[in-house]
Amino acid sequence: MKVKIVLLILFFCFYSTVLNAQYQVTGEVYSSGMNPLANVNVILLRQDSTVISGCVSDSTGYFELKVAKADGYLLSFSCLGYRTRVVVLPQRDCDFNVGRIVLDTLEHQLDEVEVLSKSSVRDKDRRIYYPTREQLKYSTNGLTLLQQLSVPFLTVSLVENTVGSMNGAVGLAINGKLVEVSEVLALRPEEILRVECIDYPGIRYGEVVMTINYVIKVKESGGLAGVGYTNFVGGYTRHANFFLKKNHGRSEFGLYYNNHFVDREFVEENRSIYRFPEQVIERVGKSEENPWKMNINEIKLSFNNREQDKYYFSSTLNGEIENDPGRTSIYNYEVKGENAPLRLRDSSGQKLKSSSLDLYLERQFKGNQTLVFDLVGSYHDSRVGNTMRYEQNDQVLDHLNSSREGDKYSLMGMAYYERRGAQTLLTLALKHAWFDVNNDYVFMNQKSRLNQHITVGSLSTMTNLNSWTFFAQGELYRLQNSEAGLSKTKWEYMLHGELAYHFSDHEGIVYAIETESIVPTLSQMDESEYAIDDRIVTQGNFHLKSAQKVKHRLGGQFDYGALNFQIQAEYINIRNYISYMTDREVDRFVYRWGNQGDWRDVSLAYWMRWKITNWLLVNGSFAYHDVVSKGEKYKHQTSFFDYSFEM
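Conventions adopted
- Residues numbered from 1 in each chain as written.
- Predicted model: local features only at pLDDT ≥ 70, side-chain atom pairs only at ≥ 80, totals over all residues.
- Heavy atoms only, no water.
- Helix = DSSP H or I, 4+ residues; strand = E, 2+ residues; numbered from the N terminus.
- Buried < 20%, exposed > 50% of the residue type's maximum accessible area, 1.4 Å probe, protein only.
- Contact = heavy atoms within 4.5 Å.
- Areas by Shrake-Rupley, 256 points an atom, 1.4 Å probe, with all protein chains shown as cover.
- Polar contact = N/O pair within 3.5 Å; in protein donor to acceptor, adjacent residues only side chain to side chain.
- Salt bridge = Lys/Arg side-chain N within 4 Å of Asp/Glu carboxyl O.
- Core = buried A, V, L, I, M, F, W, Y, C linked by side-chain atoms within 4.5 Å.
- Phe/Tyr/Trp six-rings, centres within 6.5 Å; stacked < 30°, edge-to-face > 60°.
- Lys NZ or Arg CZ within 6 Å of the ring centre and 35° of its normal.
- Pairing = 2+ DSSP bridges.
- Axes fitted to C-alpha atoms, helices over the stretch in contact; angles between N-to-C directions.
- pLDDT = per-residue confidence, 0-100.

1. Considering the overall build of the protein
Within the protein one finds five helices and 39 strands. Looking at the 647 residues of the protein, the share that counts as buried comes to 46%. Taking as baseline every contact in the protein between residues at least 6 positions apart, the subset at least 24 positions apart corresponds to 60%. When the accessible area of the protein is evaluated, it comes to approximately 32900 Å², of which 54% is carbon and sulfur surface.

2. Concerning the side chain of Arg194
When you line up the elements, Arg194 lands in strand S14 (residues 192-198). A polar contact is formed between the side chain of Arg194 and the side chain of Glu196, at a distance of 2.9 Å.

3. Quick word on the pattern of salt bridges
Here the structure, examined in full by the defined rule, presents 19 salt bridges. In this structure, the salt-bridge partner of Lys177 is Asp358, at a minimum N-O distance of 3.4 Å. Note that Lys177 is positioned in strand S13 (residues 177-179) and Asp358 in strand S23 (residues 342-365), a separation of 181 residues in sequence. As far as burial versus exposure is concerned, Lys177 and Asp358 are alike and both buried. Glu516 is paired through a salt bridge with Lys549; the nearest N and O atoms lie 3.9 Å apart. Remark: Lys549 occurs in strand S33 (residues 547-560) and Glu516 occurs in strand S30 (residues 508-518); sequence separation between them is 33 residues. Here Glu516 matches Lys549 in class, with each residue buried. Salt bridges here are not isolated pairs; linked through shared partners, they connect Asp125, Arg126, Arg194, Glu196, Glu418 and Arg420.

4. Here we look at helix H3 (residues 142-149)
Of all the eight residues making up H3, eight are buried; the element is thus mostly covered by neighbouring parts of the structure. Looking only at H3, the buried set comprises Gly142, Leu143, Thr144, Leu145, Leu146, Gln147, Gln148 and Leu149. Among the residues of H3, the N-terminal cap falls to Asn141, whose side-chain oxygen and the backbone nitrogen of Leu143 are separated by 2.9 Å. Just past H3, the residue Ser150 takes up positive phi, approximately 50°.

5. What about the nonpolar core?
Counting residues in each nonpolar core, the largest one holds 24 residues, and the members touching the most others are Leu146, Leu154, Ile212 and Tyr214. Residue assignment for this core shows that the elements contributing at least two residues are H3, strand S10 (154-157), strand S12 (170-174), helix H4 (181-185), S14 and strand S15 (210-216). In terms of nonpolar packing, the next biggest core, distinct from the first, is built from 21 residues, Cys55, Leu65, Leu75 and Val87 among them.

6. Describing the packing of aromatic side chains
Per the stated rule, a full pass over the model turns up 10 aromatic pairs. Measuring from centroid to centroid gives 5.1 Å for Phe253 and Phe303, while their planes differ by 45°, and the two rings are tilted. Residue Phe253 is located in strand S18 (residues 251-266), and its partner Phe303 is located in strand S21 (residues 290-307); the two are separated by 50 residues in the primary sequence. An aromatic cluster is present here, built from Phe253, Phe303 and Phe313 joined pairwise through their rings. One residue, Arg306, lies across the ring of Tyr312, its end atom 5.8 Å from the ring centre. The ring of Phe365 has Arg363 sitting right over it, with the charged end atom 4.9 Å from the ring centre.

7. Describing the pairing of strand S9 (residues 126-129)
On S9, burial covers both faces: Arg126 and Ile128 on one face and Arg127 and Tyr129 on the other are all buried. Bridge count between S9 and S14: four bridges; the pairing is antiparallel. Opposite Tyr129, over in S14, you have Val195 as the bridge partner.

8. Looking at the sheet that holds strand S3 (residues 51-56)
Read across the open sheet, the four strands follow the order S3-S2-S5-S6; overall the sheet is antiparallel. Strand pairing shows two members of the sheet lacking a second neighbour, S3 and strand S6 (82-89), which therefore form its edges. Ignoring strand direction, the axes of neighbouring strands in this sheet form an average angle of 20°. For strand S2 (residues 41-45) and S3, the ladder comprises five bridges, and the chain directions are antiparallel.

9. With respect to the pairing of S33
Direction of pairing for S30 relative to S33: antiparallel, over a ladder of 11 bridges. From the neighbouring strand, Glu516 faces S33, where its bridge partner is Lys549. Note: S33 against strand S34 (residues 563-575), 13 bridges, orientation antiparallel. The residue bridging Tyr560 from the neighbouring strand is Leu563, located in S34.

10. Regarding unusual backbone geometry
Residues other than glycine seldom take positive phi values, yet Asn393 does so here, at roughly 55°. Mapped onto the elements of the fold, Asn393 is located in the loop between strand S24 (369-392) and strand S25 (395-420).

11. Some words on the environment of Ala562
Residue position: Ala562 is located in the loop between S33 and S34. Ala562 sits in the partly exposed class, given a relative accessible area of 34%. Distance in space between the C-alpha atoms of Ala562 and Trp610 is 5.7 Å, their sequence separation being 48 residues. In contact with Ala562, other than residues within four places in its own chain, are Arg609, Trp610 and Lys611.

12. Digging into the confidence of the model for the protein
When pLDDT is averaged along the protein, the result is 78, and 82% of the positions lie at 70 or above. Within the model, pLDDT remains below 50 along residues 522-544, and this stretch shows 69 contacts once partners closer than five positions in the same chain are excluded. Counted against residues more than four places away or in other chains, residues 587-595, with its pLDDT under 50, gives 44 contacts.

13. Quick notes on the environment of Glu516
Judged by relative accessible area, Glu516 falls into the buried class, the value being 15%. If sequence neighbours within four positions are ignored, Glu516 has contacts with Tyr493, Met494, Ala547, Gln548 and Lys549.

14. Brief notes about the environment of Arg363
Counting through the fold element by element, Arg363 comes out in strand S23. Contact partners of Arg363, with chain neighbours within four places excluded, come to Lys310, Tyr311, Gln369, Thr370 and Leu371. A distance of 3.2 Å separates a polar atom in the side chain of Arg363 from the backbone oxygen of Lys310.

Put into structure tokens, the structure is as follows:
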């Protein structure tokens, strides 16, 4: 009996030793198109190909195996429609993550095979959303599907057919190429494989803080046509769109038309404080109801040709006519310490005609390498009018009049290289843009011509280490501005760093810092001439200096199943905000354009999504801003709220 007890004790000791002599091997399996692969057979083999154990990857491509601390092993990855891959597993004495295993496709086996995942995952520079059946069921196009996905800090307006963010502009792309919202409205939910939220878009996608990329299926035959019309309650906004798409082999031909009409009234309020050494001016204004009408018509022709995981070519010809006959705002200001109110009448309107041609080529290589070329040429014809009139006690205090007719030519070319490793992401980009602007100031019979060349080089890198993400990006600009026979060359820069820790794919905290010398943009050049009482008070852009900008951002994202929310604090400080200055001080009010002082913005933002049922979602966002600008002899402070709520 004692012998049996001793043997049992020795057995359990030996068994415990064997268990302690094991370690865990984990990793992820992806396709060459960077889709998580589910149901991949992961087999652990000895060097002589003897099978030891195995498992199957889950819906996110993740797998996990227990391995004894002995000799080196082999890991075999096999899945129908993909080439089997064998990886040598070195000797280890601790847990080991093999990273991302990419399987190449076997084209002849994929005719009837389709591998999908329904979860959402984080992949270096982006969050990837796989629409569920319920989300597809309650969606009618690409825009409504995006609303169903409820991407954090993203505002999707079905009233205005727009996508925005409290942090800045948002770009829309299909298969990596930037598109307009009309093409997103033409997407059918069932053809969308996944939606990628790119948090670090870089110069590839322009001046945006986030890009939404729709990855869609490639059809080889058939076609699709659709008509949409939406007239919201009250009739103040309506949309009409038509699209026709025809597929033939690897090619697709598209025709899109979109109309957006607005007829509504606004009532606005604002509060401003100007602090001078000798006095403080405080104004609180409330507007009367002011109507606003706008009509936009857009037509687009497109052609694209694609071979899966090899190349994608697209050409787009676009034309747009925007007619904004004018919006008149009448403000009644109460000036602190004064009995007589101040009255402002502000009228503005514009007409715009534009056309563009976009040629885009994306080439994919082995080793998860991508090369992109993009060439865009455009023409804009604009007619802009604006008047401002201040009155007090039925007496005109000041009158500003500005009307302009002009055209703009532009040409932009870009080359972009990207390489994705198991835990790293490297991007290189070179971009050159040329602008030529001709303005005719009608009321004073004068003309101006502005010309600008911008060359940008960009380098960024990202590394994922377990739950940590490190991101760094640098951009160097060369600008050459010319006007009236004069020219000036400047160099600018931008540096961006970010550190994030992820509790899971849906939860984490992030700190980011960004510093740059603000580049004089074309819009500043275009608006660099003002007329007051038929006199030019400032002209040209040759006194522009670099404004130094520093931005700090701290945020967190938290997920509690049906409830998901984000919070964020941001501090922005700009020194020498814009370097040309126009001052107008008339009695008890002041105009300031581009003061040579400092500017800062402190903001707090909150975003929330609550999924009550499968068919009812509540989205809400709230942001508070406190803005202060300082000139040489004054200080201006204002605060405001941004909020939205949708069901």
